[in-house]
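Coordinate analysis (summary)
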Amino acid sequence: MTTLRGIIFDLDGTLVDSRLDFAAMRRELGLQNGEGLLEHLASLTDPAARQQAEAVIERHELAGAHAATWIEGAEHALHQLRSAQVPMAIVTRNMRSATDHMVKKLGIPIEHIITREDCQQVKPHPEGLLAVASYWQIAPRALAYLGDFKFDLEAARHAGMHAWLWRNDSNSEFEHLADAVFHRFEEITERLL
């Protein structure tokens, strides 16, 4: 078994709860349940329609950033990992301004952060994860990526990393995609310390 040398986190739904109402966002954009918001945005060829859709997503993301709170146990776990000098990063589909607001508001002790503006392709594409591995000069197989959605697990698999699921009340259907499933942050720190 490969010894893990670092961890990358998804942000919303994994470290923080921003209370984003994805169903409301999809309704406002006229999308089906489960349809990817950023994928829809990328498919729009009309500049006015794209700008309108971007405004809807950004309004919801910024509201979520202002409402964000820690997921139970995450704050303590991150400080433990930081004290132990475990490399940590965040790779998120969120926009930079909302991400920066959450990091500053909550004092998230992670400096290496990749948002959707930092990548040509967002999760489930592995670009952001592989950029972190390259920056750290750590083989992807020695890293874990923790997230709460199928895109997170798919990105980890595509990158050759350990795909870890942060289990909540509404994502049990993704367990089969995960190498490990976690309900408490203490379980995560035990694997890394």
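Preceding this section is the structure that the text describes.
Residues numbered from 1 in each chain as written. Predicted model: local features only at pLDDT ≥ 70, side-chain atom pairs only at ≥ 80, totals over all residues. Heavy atoms only, no water.

Observations concerning the pairing of strand β6 (residues 143-147)
Among the 5 residues of β6, 5 are classified as buried, and the element is accordingly described as predominantly covered. A two-sided burial pattern is seen for β6, the buried positions comprising Leu143, Tyr145 and Gly147 on one face and Ala144 and Leu146 on the other. Where strand β1 (residues 6-9) lies against β6, 4 bridges are found, and the strand directions are parallel. Counterpart to Ile7 in the pairing with β6 is Ala144. Pairing between β6 and strand β7 (residues 162-166): 4 bridges, direction parallel. Bridge pairing in β7 links Ala144 to His162. Assessed by its sense of winding, the connection that carries the chain from β6 through helix α7 (residues 150-159) to β7 is right-handed. (Buried < 20%, exposed > 50% of the residue type's maximum accessible area, 1.4 Å probe, protein only. Helix = DSSP H or I, 4+ residues; strand = E, 2+ residues; numbered from the N terminus. Pairing = 2+ DSSP bridges. Right-handed = clockwise from strand over helix to strand, strands pointing away.)

So, the packing of aromatic side chains
Enumeration according to the criterion identifies 4 aromatic pairs in this entry. A centroid spacing of 5.2 Å and a plane angle of 80 degrees characterise the contact between Phe149 and Phe174, whose relative ring orientation is edge-to-face. One end of the pair, Phe149, is in the loop between β6 and α7; the other, Phe174, is in the loop between β7 and β8 (180-182), and 25 residues separate them in sequence. The exposure class of Phe149 is partly exposed, given its relative accessible area of 29%. With relative accessibility at 9%, the residue Phe174 sits in the buried group. With a centroid separation of 4.7 Å and 55 degrees between ring planes, the pair formed by Trp164 and Phe182 is classed as tilted. (Phe/Tyr/Trp six-rings, centres within 6.5 Å; stacked < 30°, edge-to-face > 60°.)

So, the nonpolar core
The biggest cluster of nonpolar side chains holds 34 residues, and the ones touching the most others in it are Ile7, Phe9, Leu15, Ile108, Trp164 and Phe185. Put simply, the parts of the chain that give this core at least two residues each are β1, α4 (74-83), β4 (88-91), α5 (96-106), β6, β7, β8 and α8 (185-192). Apart from the residues lying within four places of it in its own chain, the contact partners of Ile7 are Leu81, Pro87, Met88, Ala89, Trp136, Leu143, Ala144, Leu146, Trp164, Ile188 and Leu192. (Core = buried A, V, L, I, M, F, W, Y, C linked by side-chain atoms within 4.5 Å. Contact = heavy atoms within 4.5 Å.)

Examining the pattern of salt bridges
Taken as a whole and judged by the stated rule, the model has 13 salt bridges. Across the salt bridge formed by Glu111 and Arg82, the nearest N and O atoms sit 3.5 Å from each other. With Glu111 in the loop between α5 and β5 (112-114) and Arg82 in helix α4, this residue pair connects regions lying 29 residues apart in the sequence. A relative accessible area of 40% places Arg82 in the partly exposed class. One salt bridge connects Asp152 with Lys123, and the closest N-O pair in it is separated by 2.6 Å. Of the two residues, Asp152 is situated in helix α7 and Lys123 in the loop between β5 and α6 (127-136); the sequence distance between them amounts to 29 residues. One network of salt bridges, in which partners are shared, links Asp10, Lys123 and Asp152. (Salt bridge = Lys/Arg side-chain N within 4 Å of Asp/Glu carboxyl O.)

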